[in-house]
Amino acid sequence: MNIGLIAHDAKKKLMQNFCIAYRGILSKHELYATGTTGRLIEEVANLNVHKYLAGHLGGEQQMAAQIEHNEIDLVIFLRDPVSSKVHEPDVNNAVRLCDTYNIPLATNLATAELLIKALDRGDLEWREMYR
């Protein structure tokens, strides 16, 4: 499965820790991430990540394009709901596209853990018929 990983600045360390904790599961899948997040994940979790541009430089738009073309099966987007972002429309677009194309989306750690465990159990294999 193709997994999209995005994290706002305040959540990048949390994303790193998540990827370390679930490295065994994540290593079985193709990972895609915005530039800085992808680099940070590779540094600490020893995972291969296809990296887009940094989010604020268009990486979130690149991820959105892959979502729109049904090339992403699951998105983990650890977002910071407290601080407003200059590129907030891009953020909202990725969330909207996941809703539009029925792509499982986690925006917090609790939901991310539920989805990653469901992925490991095979509960998301229904995504195969969408491709």
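Going by the structure above, here's the rest.
Reference entry: report on the structure contained in this document.

**Considerations on the overall build of the protein**
Right, on to step 1. When helices and strands are tallied, the protein shows 6 helices and 5 strands.
Right, on to step 2. Listing each helix as α and each strand as β along the protein from the N terminus yields β-α-α-β-α-β-α-β-α-β-α.
Right, on to step 3. The globule rule puts the C-alpha radius of gyration for 131 residues at 14 Å, and the 13 Å found for the protein is close to it.
Right, on to step 4. Buried positions account for 50% of the 131 residues belonging to the protein.
Right, on to step 5. In the protein, the share of contacts with a sequence separation of at least 24, taken over all contacts with a separation of at least 6, comes to 67%.

**Considerations on the sheet that holds strand E3 (residues 49-51)**
Pairing between the strands of a sheet is mediated by backbone hydrogen bonds and can be parallel or antiparallel.
Right, on to step 1. Ordered by their spatial adjacency, 5 strands build an open sheet running E3-E2-E1-E4-E5, and the pairing between neighbours is parallel. Strand pairing shows two members of the sheet lacking a second neighbour, E3 and strand E5 (105-106), which therefore form its edges.
Right, on to step 2. Strand direction decides the pairing type here: strand E4 (residues 74-78) and E5, joined by 2 bridges, are parallel. Within the sheet, the bridge partner assigned to Val-75 lies in E5 and is Leu-105.
Right, on to step 3. Sheet strands in contact with helix H1 (residues 12-21) are strand E1 (2-7) and E4, and its direction is about 145 degrees off that of E1.
Right, on to step 4. Sitting on the sheet, helix H3 (residues 35-45) is in contact with E1, strand E2 (30-33) and E3, with an inclination near 155 degrees to E3.

**What to know about the nonpolar core**
Right, on to step 1. Core analysis: the largest hydrophobic core is formed by 25 residues, its most contacted members being Leu-5, Met-15, Phe-18, Cys-19 and Leu-26.
Right, on to step 2. Elements with a contribution of two residues or more to this core: E1, H1, helix H2 (23-26), E2, H3, E4 and helix H6 (109-121).
Right, on to step 3. In contact with Phe-18, other than residues within four places in its own chain, are Leu-26, Ile-76, Leu-109, Ala-112, Glu-113 and Ile-116.
Right, on to step 4. Counting 12 residues, the second largest nonpolar core, distinct from the first, contains Ile-6, Tyr-52, Ala-64 and Ile-72.

**Concerning the packing of aromatic side chains**
Right, on to step 1. This model, assessed by the stated rule, comprises 2 aromatic pairs.
Right, on to step 2. Centre to centre, the rings of Phe-18 and Tyr-22 are 5.0 Å apart; their planes meet at 45 degrees, and the pair counts as tilted. Considered together, Phe-18 and Tyr-22 belong to a single accessibility category, that of buried residues.

**Digging into helix H4 (residues 59-68)**
One turn of an α-helix holds 3.6 residues; hence residues three or four places apart share an orientation.
Right, on to step 1. Turning to H4, its buried residues number three or more, namely Gly-59, Glu-60, Met-63, Ala-64, Gln-66 and Ile-67. Along the long axis of H4, the arc covered by the buried residues comes to 160 degrees, so they all point the same way.
Right, on to step 2. Positive phi shows up at Asn-70, right after H4, with a value of about 60 degrees.

**A closer look at the pattern of salt bridges**
Right, on to step 1. Inspection of the entire model under this criterion finds 6 salt bridges.
Right, on to step 2. Put simply, Glu-42 and Lys-51 hold a salt bridge, and the shortest N to O gap is 2.8 Å.
Right, on to step 3. Owing to a relative accessible area of 26%, Glu-42 belongs among the partly exposed residues under this scheme.
Right, on to step 4. Between Asp-123 and Arg-121 there is a salt bridge, with the nearest N and O atoms lying 2.6 Å from each other.
Right, on to step 5. Owing to a relative accessible area of 40%, Asp-123 belongs among the partly exposed residues under this scheme.

Conventions used here
- The written sequence of each chain sets the order in which its residues are numbered from 1.
- Totals for whole chains, interfaces and linings use all residues, but because this is a predicted model, local features are given only for residues with pLDDT of at least 70 and pairs of side-chain atoms are given and counted only at 80 or more.
- As a rule here, side-chain values come from all non-hydrogen atoms in the structure, and water together with hydrogens is ignored.
- A run of DSSP states H or I qualifies as a helix once it reaches four residues; a run of E qualifies as a strand once it reaches two. Both are numbered from the N-terminal end.
- When we talk radius of gyration, it's over C-alpha atoms, and the globule rule is simply 2.2 Å times the number of residues to the 0.38.
- The buried label applies to any residue whose accessible area, calculated with a 1.4 Å probe on protein chains only, is under 20% of its type's maximum; exposed applies above 50%, and partly exposed to all values in between.
- Only heavy atoms matter for contacts: two residues are in contact if any of them lie within 4.5 Å across the pair.
- Two strands form a pair only when DSSP identifies at least two bridges running between them.
- As a rule, the C-alpha atoms of each element are fitted with a line to give its axis, helices using only the stretch in contact, and angles between N-to-C directions run from 0 to 180 degrees.
- To form a nonpolar core, buried Ala, Val, Leu, Ile, Met, Phe, Trp, Tyr and Cys residues must be joined to one another through side-chain atoms within 4.5 Å.
- Only Phe, Tyr and Trp rings are paired, with Trp represented by its six-membered ring, and only when their centres lie within 6.5 Å; those with planes under 30 degrees apart are stacked, over 60 edge-to-face, the remainder tilted.
- Here the arc refers to the set of directions running from the helix axis out to each C-beta atom.
- Any Lys or Arg side-chain nitrogen located within 4 Å of an Asp or Glu carboxyl oxygen qualifies as a salt bridge.

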